[in-house]
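Listed here are the chains, written in short residue letters.
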Amino acid sequence: MEKLAEHKVPVPVGVSKRREEIQVKACADVQLTPDSCTVDVIVLSKKDSVEKVKESVNKRFDYINEILELYGIHNVQTSRTLRQTDNVYAMEARFTVSFNQLNRCETICNLLVEKLGRGVSISEPRVFHSETQLEEARKRVTVKAVRLAKHKAIEIAELLKQTVGRPLSVLEDSNTVQTECSRNVDVDISTIPSLSRVNHLLTTVTSNVSCSFELKPRINMKD
């Protein structure tokens, strides 16, 4: 079989096959405070009969349930435990309540203490970040880092009398979350009431990105 001759198309003089690009790195962070908390609400009674101790606890148990339902709090776990020591019956009812609004937690806890007094005890709130808050922060910081990378590329391109074209690649090198006590706190953090500590517990979400953009010659517009 006859072999066909190979023909190469010549590359015009002055035309380069190499694509000009600019590669930059950028880092961004956002800070946030916890938006959720969990508390234990405990009712305890000791009586000389089962009927009396149940009546005492159940009355307060039902009232706490009513208050939580009134405020639309549904993320609640409950338990009731009955014990006997000699001729004394002790019953404990416990509510583990999760709040996604810290001010609502404070309102309800204050109301229960005001209405039930010594008949109720409430644990120190355990504050934390909701998954929704952290996920939104991760997305926001990534967008912020990419925006900074593009701005950096534009400034460098202007210095080189070039312009930035379309993005060629965007890579997030890392996305981290770190919580620490605010450094400007001059008092012992353990002496601050739990819900007040929220403003001193800062979580920093950090994103590091590597981006490359097309680099084009600047076109001078004529009048």
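Residues numbered from 1 in each chain as written. Predicted model: local features only at pLDDT ≥ 70, side-chain atom pairs only at ≥ 80, totals over all residues. Heavy atoms only, no water.

**Some points on the overall build of the chain**
Working step 1: Looking only at helices and strands, one finds four helices and eight strands in the chain.
Working step 2: Order of helices (α) and strands (β) in the chain, N terminus to C terminus: β-β-α-β-β-α-β-β-α-β-α-β.
Working step 3: When the accessible area of the chain is evaluated, it comes to approximately 15700 Å², of which 50% is carbon and sulfur surface. (Helix = DSSP H or I, 4+ residues; strand = E, 2+ residues; numbered from the N terminus. Areas by Shrake-Rupley, 256 points an atom, 1.4 Å probe, with all protein chains shown as cover.)

**A few points about helix α3 (residues 131-159)**
Working step 1: With 29 residues, α3 should cover 42 Å at 1.5 Å per step; its first-to-last C-alpha distance of 43 Å lies within 8% of that length.
Working step 2: When we look at burial in α3, the residues that qualify are Gln133, Leu134, Ala137, Val141, Thr142, Ala145, Ala149, Ala153 and Ala157.
Working step 3: Once α3 finishes, Lys161 follows within two positions and takes phi at roughly 60 degrees, a positive value. (Expected span 1.5 Å × (residues − 1). Buried < 20%, exposed > 50% of the residue type's maximum accessible area, 1.4 Å probe, protein only.)

**Remarks on the environment of Leu82**
Working step 1: Residue placement: Leu82 occurs in strand β3 (residues 76-85).
Working step 2: A relative accessible area of 40% means that Leu82 is categorised as partly exposed.
Working step 3: Each C-alpha atom of the pair Leu82 and Val53 lies 8.9 Å from the other, and the pair is 29 residues apart in sequence.
Working step 4: Residues within four places of Leu82 in sequence aside, it is in contact with Val50, Val53, Lys54, Tyr89, Ala90 and Met91. (Contact = heavy atoms within 4.5 Å.)

**Re the packing of aromatic side chains**
Working step 1: Tallying each qualifying case throughout the model produces one aromatic pair.
Working step 2: Aromatic side chains Phe61 and Phe95 sit 4.6 Å apart centroid to centroid with 35 degrees between the ring planes, which places their arrangement in the tilted category. Separated by 34 residues along the polypeptide, Phe61 in helix α1 (residues 50-70) and Phe95 in strand β4 (residues 88-99) bring together distant segments of the chain.
Working step 3: A relative accessible area of 6% means that Phe61 is categorised as buried.
Working step 4: A cation sits over an aromatic face here: Arg80 above Phe61, 3.9 Å from the ring centre. (Phe/Tyr/Trp six-rings, centres within 6.5 Å; stacked < 30°, edge-to-face > 60°. Lys NZ or Arg CZ within 6 Å of the ring centre and 35° of its normal.)

**Some points on the pattern of salt bridges**
As a working rule, side chains carrying opposite charge can pair if their charged atoms are close by.
Working step 1: Inspection of the entire model under this criterion finds six salt bridges.
Working step 2: When the shortest N-O distance is used, the salt bridge between Asp48 and Lys52 registers 3.6 Å.
Working step 3: For Asp48, a relative accessible area of 53% gives the class exposed.
Working step 4: Relative accessible area serves as the criterion here: at 46%, Lys52 is assigned to the partly exposed category. (Salt bridge = Lys/Arg side-chain N within 4 Å of Asp/Glu carboxyl O.)

**Things to note about helix α2 (residues 102-116)**
Working step 1: If you check α2, its first and last C-alpha atoms are 21 Å apart, about what 15 residues at 1.5 Å a residue would give, namely 21 Å.
Working step 2: Of the positions making up α2, those classed as buried are Leu102, Cys105, Ile108, Cys109, Leu111, Leu112 and Leu116.

**Side note on the nonpolar core**
Working step 1: Counting residues in hydrophobic clusters, the biggest one holds 25 residues, and the most contacted among them are Val41, Ile64, Val97 and Phe99.
Working step 2: Of all elements in the fold, only β2 (36-47), α1, β4 and α2 reach the threshold of two or more residues within this core.
Working step 3: Among all residues touching Val97, those that are not within four sequence positions of it are Cys37, Thr38, Val39, Val41, Leu68, Ile73, Asn75 and Val76.
Working step 4: Counting 17 residues, the second-largest nonpolar core is a separate cluster that includes Val24, Ala28, Val141 and Phe213. (Core = buried A, V, L, I, M, F, W, Y, C linked by side-chain atoms within 4.5 Å.)

**Quick notes on the confidence of the model for the chain**
Working step 1: Summarising the model, the chain shows a mean pLDDT of 84, and 81% of its residues fall at 70 or more.
Working step 2: Confidence, read as mean pLDDT per element, is least for helix α4 (residues 194-197) in the chain (61) and greatest for α3 (96).
Working step 3: Within the model, the stretch residues 1-17 combines pLDDT values under 50 with one contact to residues more than four positions away or in other chains.
Working step 4: Below a pLDDT of 50 lies the segment residues 183-193, which in the model reaches nine contacts outside its immediate sequence neighbourhood of four places, other chains included. (pLDDT = per-residue confidence, 0-100.)

**Details of unusual backbone geometry**
Working step 1: Of note, Asp86 is a non-glycine position whose phi angle comes to about 55 degrees, a positive value.
Working step 2: Owing to a relative accessible area of 67%, Asp86 belongs among the exposed residues under this scheme.

**Considering the state of the cysteines**
Working step 1: Taken as a whole and assessed by the stated rule, the structure comprises zero disulfides.
Working step 2: Note on Cys105: no disulfide assigned, nearest cysteine sulfur contributed by Cys37 at a separation of 3.5 Å. (Disulfide = S-S within 2.5 Å.)

**Quick notes on the pairing of β3**
Working step 1: The pairing of β3 with β4 spans ten bridges and is classified as antiparallel. Pairing of Gln77 across the sheet is with Thr96, part of β4.
Working step 2: Adjacent in sequence and paired antiparallel, β3 and β4 are bridged by two residues, among which Asp86 carries a positive phi angle near 55 degrees. (Pairing = 2+ DSSP bridges.)

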